[in-house]
Amino acid sequence: MTDLFDSFRRRIEYIRVSVTDRCNLRCAYCTAESVPHLPHDEILSYEEIRRVVRAAVELGLRHVRLTGGEPLVRPNLSTLVRLLSQIEGVDDITLTTNAILLGKYAAELKAAGLRRVNISLDTFKADKFQQITGGYKLKDVLGGIETARQVGLNPVKINMVVLKGTNDDELLDFAQMSVSQGWHVRFIEHMPLVTAGVENGQLVAVGDMMAIIQRSLGVLEPCWPASGSGPAKYYQLPGAKGTIGFIGPVTDCFCSECNRFRLTADGRLRPCLLEDSEVDLKGPLRMGASTQELKKLMHQAAALKKRQHCLSEEVVPSKRQMWQIGG
Ligand code: SAM
């Protein structure tokens, strides 16, 4: 087996697989209005996803994260988890979800081989949650978090996209959960993709988030992550069992450590979240491509990986929004 490297000697070992472009929430900062969803036959089947992941594993990829849209709105997701967990060489299958449906599916996903979940949650206030998400219930998410912990999808990580004037007043409440509840909380800078609901100037930089937390809750000591292979930098507050991670795509470019591919729901392999280039796998798959041919296309995608994104020059991906890529 030959491992897969890009032109800058970064090893690719992680693939984020978007299983649908549909979502049950309408978060203003993620979803612009009026973009039609993909027809069902444009979406990769579970068998097609299994073939892509199997080829990727033969190139040394080990970690698969399922995302969307909202992955749990796709029927029978645990069937896909089971298929992937049977591929020899897959070490870690994880899920990124808004957790609205997690209470219902956590146990069967765990039984099928899911290891861990990252849960997106931007506020603890029920009315604000409805406002951000377009009318959904916070209690469903909190129930989903609890069920995930109970069935052993640990460590559960909570991801909060921090927006000035929207939820930055809750930074300390979220940080405090790492002490009082042992939560693993991650704060994410908002990325300026094509979104309708966010105004310029709502970015909160990681440096500012850290300063706010340290002023009120004590020194953030660097620490190792509880798990994972992502771009977050981790810290702990005094006395905390949980951790606090910071992800700063805008002010703290993490591209030098990028180790991943993204597969869109319609079967495009994206070497970079923040750049438009893609390699089509669905067409070749449906024309009968062999595993060897899929691996060749993966090498092509790796060669397209740029040294780093161009957010600082205000170049953003224009062809897809976040919910069409999977975060
Ligand atoms: N529906 C799932 C969820 O809510 O986790 C998976 C897909 S969602 C696109 C993945 C993550 O991207 C979420 O944590 C969401 O908050 C984050 N996200 C969406 N738009 C973003 C943006 N413009 N900047 C930073 N994060 C964003």
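Because the structure is a prediction, the values reported are computed rather than measured.

**Examining the site of the ligand**
Here comes step 1: The environment of the ligand is formed by 16 residues, the closest being Y29, G69, E70, S120 and M191.
Here comes step 2: Within the side chain of Y29, an N or O atom sits 2.7 Å from an oxygen atom of the ligand.
Here comes step 3: Within the backbone of G69, a nitrogen or oxygen atom sits 2.8 Å from a nitrogen atom of the ligand.
Here comes step 4: Burial of the ligand by the protein chains amounts to 94% of its free accessible area of 550 Å².
Here comes step 5: When its residues are assigned to classes, the shell around the ligand shows five nonpolar, nine polar and two charged.

**Topic: the packing of helix 1 (residues 46-58) against helix 9 (residues 291-304)**
Here comes step 1: Relative to each other, helix 1 and helix 9 sit at 70°, their axes nearing to 9 Å. It follows from the interaxial angle that helix 1 and helix 9 lie roughly perpendicular. Touching R51, V52, R54, A55, A56 and E58 of helix 1 are T291, L294, K295 and M298, all from helix 9.
Here comes step 2: In terms of residue class, the contact of helix 1 with helix 9 is made up of five nonpolar, one polar and four charged.

**Some words on the packing of aromatic side chains**
Think of a pair of aromatic rings as described by two things: how far the centres are apart, and how the planes are tilted against each other in angle.
Here comes step 1: Tallying each qualifying case throughout the model produces four aromatic pairs.
Here comes step 2: On the numbers, 5.7 Å between centres and 70° between planes, the contact of Y235 with F246 is edge-to-face. Taken as a pair, Y235 in strand 8 (residues 233-236) and F246 in strand 9 (residues 244-247) lie far apart in primary sequence, 11 residues in all.
Here comes step 3: The ring of F5 has R9 lying over it, and the distance from NZ or CZ to the ring centre is 4.4 Å.

**Structural notes on the pairing of strand 9**
Here comes step 1: Going residue by residue along strand 9, you find I244 and F246 tucked away on one face and G245 and I247 tucked away on the opposite face as well.
Here comes step 2: Sheet topology places strand 6 (residues 184-189) next to strand 9; four bridges connect them, and they run parallel. Within strand 9, the residue paired with F187 across the bridge is F246.

**Concerning the pattern of salt bridges**
Here comes step 1: Overall, the coordinates contain 19 salt bridges when judged by the stated rule.
Here comes step 2: Of the charged contacts, one joins D92 and R115 as a salt bridge, the two residues approaching to 3.2 Å between their closest N and O atoms. Taken as a pair, D92 in strand 3 (residues 92-97) and R115 in the loop between helix 3 (102-112) and strand 4 (116-120) lie far apart in primary sequence, 23 residues in all.
Here comes step 3: On the basis of relative accessibility, which here comes to 13%, the residue D92 falls in the buried class.
Here comes step 4: A salt bridge links E275 to K306, with the shortest nitrogen-to-oxygen separation between them at 2.9 Å. Taken together, the positions of E275 in the loop between strand 11 (268-270) and strand 12 (279-280) and K306 in the loop between helix 9 and helix 10 (322-325) put the pair 31 residues apart, joining distant regions of the chain.
Here comes step 5: In this structure E275 comes out as partly exposed when scored by relative accessible area, which is 21%.
Here comes step 6: Look at K306 and you get partly exposed, because its relative accessible area is 43%.
Here comes step 7: Taken together, the shared-partner salt bridges connect K125, K128, D169 and E170 into one network.

**As for the environment of R186**
Here comes step 1: When you line up the elements, R186 lands in strand 6.
Here comes step 2: For the pair formed by R186 and Y235, sequence separation is 49 residues and the distance between their alpha carbons is 10.0 Å.
Here comes step 3: Setting aside chain neighbours within four positions, we find R186 in contact with N118, K157, I158, N159, M160, A232, Y234, G245 and I247.
Here comes step 4: A polar contact is formed between the side chain of R186 and the side chain of N159, at a distance of 2.9 Å.
Here comes step 5: Within the structure, R186 has its side chain in polar contact with the side chain of Y234 (distance 3.0 Å).

**Observations concerning the sheet that holds strand 11**
Here comes step 1: Read across the sheet, 12 strands follow the order 7-8-9-6-5-4-3-2-1-10-11-12 without closing on themselves; strand pairing throughout is mixed. With one partner strand each, in any of the chains shown, strand 7 (221-222) and strand 12 form the two edges of the open sheet.
Here comes step 2: Two strands pair when backbone bridges link them, and strand 1 (residues 14-18) and strand 10 (residues 260-263) are joined in this way by four bridges, in the parallel orientation. Within strand 10, the residue paired with V17 across the bridge is L263.
Here comes step 3: In the packing of helix 2 (residues 77-85) onto the sheet, the strands contacted are strand 2 (63-67) and strand 3, and the crossing angle to strand 2 comes to about 170°.

Basis of the calculations
Residues numbered from 1 in each chain as written. Predicted model: local features only at pLDDT ≥ 70, side-chain atom pairs only at ≥ 80, totals over all residues. Heavy atoms only, no water. Near = heavy atom within 4 Å. Polar contact = N/O pair within 3.5 Å; in protein donor to acceptor, adjacent residues only side chain to side chain. Areas by Shrake-Rupley, 256 points an atom, 1.4 Å probe, with all protein chains shown as cover. Nonpolar A, V, L, I, M, F, W, Y, C, P; charged D, E, K, R; others polar. Axes fitted to C-alpha atoms, helices over the stretch in contact; angles between N-to-C directions. Helix = DSSP H or I, 4+ residues; strand = E, 2+ residues; numbered from the N terminus. Parallel < 35°, antiparallel > 145°, perpendicular 65-115°, else oblique. Contact = heavy atoms within 4.5 Å. Phe/Tyr/Trp six-rings, centres within 6.5 Å; stacked < 30°, edge-to-face > 60°. Lys NZ or Arg CZ within 6 Å of the ring centre and 35° of its normal. Buried < 20%, exposed > 50% of the residue type's maximum accessible area, 1.4 Å probe, protein only. Pairing = 2+ DSSP bridges. Salt bridge = Lys/Arg side-chain N within 4 Å of Asp/Glu carboxyl O.

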